[in-house]
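Descriptive analysis of the structure
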Amino acid sequence: MILNSRTEPSIHTINLTQEGVERLTLFAKEKHSEYANNAPFPHIVIDGLFPDELLEDVLQDIQDLNHPIEKNFYGSVKKFATSDSWSMGPTARRFLADMNSSRFCGFLETLTEISGLVPDPHYEGGGVHEIKTNGFLKVHTDFNWNKRLRLDRRLNMLVYLNKDWDEAWGGDLELWDSKMTKQCIKVSPAFNKTVIFSTTDFSYHGHPDPVKCPDKISRQSLALYYYSNGRPSEEVKFQYSAATNYKERPGERFHKSKKPVTAKVVIRKVTPPILIDLYNYVRH
């Protein structure tokens, strides 16, 4: 267990004291090479990064959320999300705040060698994610630009909260190669498993097959995203993109609803990417 807990009034927290940060920094230095060289893109999977009792309290704090956000992916409305930490219990709220702290961001910078990381206090697109029976999230790349912060998205961190998860239920996170020709990694969403990966226009990931858990059980996780002011140009196809880009797997065809072709769609299809980048730059 990398981070030990300490107790404040009725709230478990992680150890971000100087001693705790030194241990985190040492761990990050030891794991940087693994992170940088893992295929299909820089990532790491960490078991037991946080104390079990802390995440058990976090899980308890989010059980009765009335999620304000529902996502529709090709006809399946099965993903729910809450980004407002103040609708959660005190331990979950404190945990998310600690993940956005300067000291934890320093750990991520050492692990990834991405300097100048900025957390998102609004948890745009993040916070608590819940996938119910038959829900899925097709393979995709994420938006690379946060319009509210006006910053480039560089890093995703997913913390899974699923106790006694049965592998037969599926729900594994899949990481795909940049050409979408093969799945390279599968990660079980088991309790206290953390996945950290670099966010680019080529970091294809998702859990594309329907989850088969019982109706009273759901796939739950915390999602946190980190940003910087500027990024390597080779990491993106279109700068300042606030859209999620879904990709079909080999042999897969999305059942998309037919929509009228608008002038905006036609213009985007025929306009050279360099002009689109210029337009987005001036706009933002």
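A few points on the structure. (Residues numbered from 1 in each chain as written. Predicted model: local features only at pLDDT ≥ 70, side-chain atom pairs only at ≥ 80, totals over all residues. Heavy atoms only, no water.)

**With respect to the overall build of the chain**
When helices and strands are tallied, the chain shows six helices and 16 strands. Scored against the burial criterion, the 284 residues of the chain give a buried share of 50%. When contacts within the chain are restricted to residue pairs at least 6 apart in sequence, long-range pairs at least 24 apart make up 81% of them. Carbon and sulfur atoms provide 50% of the accessible area of the chain, an area that totals close to 14400 Å². (Helix = DSSP H or I, 4+ residues; strand = E, 2+ residues; numbered from the N terminus. Buried < 20%, exposed > 50% of the residue type's maximum accessible area, 1.4 Å probe, protein only. Contact = heavy atoms within 4.5 Å. Areas by Shrake-Rupley, 256 points an atom, 1.4 Å probe, with all protein chains shown as cover.)

**Remarks on helix 3 (residues 90-99)**
The α-helix winds at 3.6 residues per turn, so residues separated by three or four positions along the chain end up facing the same way. Buried within helix 3 we find Thr91, Ala92, Phe95, Leu96, Asp98 and Met99. Viewed along the axis of helix 3, the buried residues span an arc of 160°, placing them on a single side of the element. (Arc of directions from axis to C-beta.)

**Focus: the sheet that holds strand 16 (residues 245-246)**
Working definition: the strands of a sheet are paired by backbone hydrogen bonds and lie parallel or antiparallel to each other. Reading across from one edge, 12-11-14-8-16 is the order of the five strands in this open sheet, with antiparallel pairing throughout. Where the open sheet ends on each side, the last strands, each with one partner, are strand 12 (183-187) and strand 16. As defined by bridge partners, strand 11 (residues 173-176) adjoins strand 12 across four bridges and the pair is classed as antiparallel. What sits directly across from Leu175, in strand 12, is Ile185. (Pairing = 2+ DSSP bridges.)

**Details of the packing of aromatic side chains**
The geometry of two aromatic rings is summed up by the distance between their centres and the angle between their planes. Scanning all chains against the criterion turns up seven aromatic pairs. Both rings, one in Trp165 and one in Trp169, keep their centres 5.1 Å apart while their planes meet at 85°; by these two values the pair is edge-to-face. Ring-pair connections join several aromatic residues into one group, and the members of that group are Phe27, Phe50, Phe95, Phe104 and Phe107. Its end group placed over the ring of Phe80, Lys132 keeps NZ or CZ at 4.8 Å from the ring centre. Over the aromatic face of Phe191 sits the side chain of Lys163, whose NZ or CZ is 5.1 Å from the ring centroid. (Phe/Tyr/Trp six-rings, centres within 6.5 Å; stacked < 30°, edge-to-face > 60°. Lys NZ or Arg CZ within 6 Å of the ring centre and 35° of its normal.)

**As for the pattern of salt bridges**
Under the defined criterion, the tally for this structure stands at 12 salt bridges. For Lys193, the salt bridge is made with Asp47, and the minimal N-O distance between the two is 2.6 Å. Note that Lys193 is positioned in strand 13 (residues 193-198) and Asp47 in strand 3 (residues 43-47), a separation of 146 residues in sequence. For the salt bridge of Arg94 with Asp98, the shortest nitrogen-to-oxygen distance reads 3.1 Å. Residue Arg94 and its partner Asp98 are both found in helix 3; the two are separated by four residues, about one turn of the helix. A relative accessible area of 23% means that Arg94 is categorised as partly exposed. For Asp98, a relative accessible area of 10% corresponds to the buried category. Taken together, the salt bridges that share partners define one network made up of Lys138, Asp209, Arg249 and Glu252. (Salt bridge = Lys/Arg side-chain N within 4 Å of Asp/Glu carboxyl O.)

**Quick look at the environment of Ala168**
Summarising the element assignment, Ala168 is placed in the loop between strand 10 (151-160) and strand 11. Counting along the chain gives 44 residues from Ala168 to Lys212, while the straight-line C-alpha distance between them is 7.5 Å.

**What about the pairing of strand 8 (residues 137-141)?**
When you tally the buried positions in strand 8, you get five out of five residues, the bulk of the element. Relative to strand 14 (residues 204-207), strand 8 is paired through two bridges, and the arrangement is antiparallel. Within strand 14, the position partnered with His140 by the bridge is His205. With two bridges joining them, strand 8 and strand 16 adopt antiparallel strand pairing. Bridge assignment links Thr141 to a residue of strand 16, and that residue is Asn245.

**Here we look at the side chain of Glu235**
Structurally, Glu235 is set in the loop between strand 15 (219-228) and strand 16. When residues no more than four places from it in sequence are discounted, the contact partners of Glu235 are Arg154, Thr199, Thr200, Asp201 and Phe202.

**Some thoughts on the pairing of strand 7 (residues 127-131)**
With five of five residues buried, strand 7 is to be regarded as a mostly interior element. Bridge count for strand 7 against strand 15 is five bridges, and the pairing is antiparallel. Of the residues in strand 15, the one forming a bridge with Val128 is Leu222.

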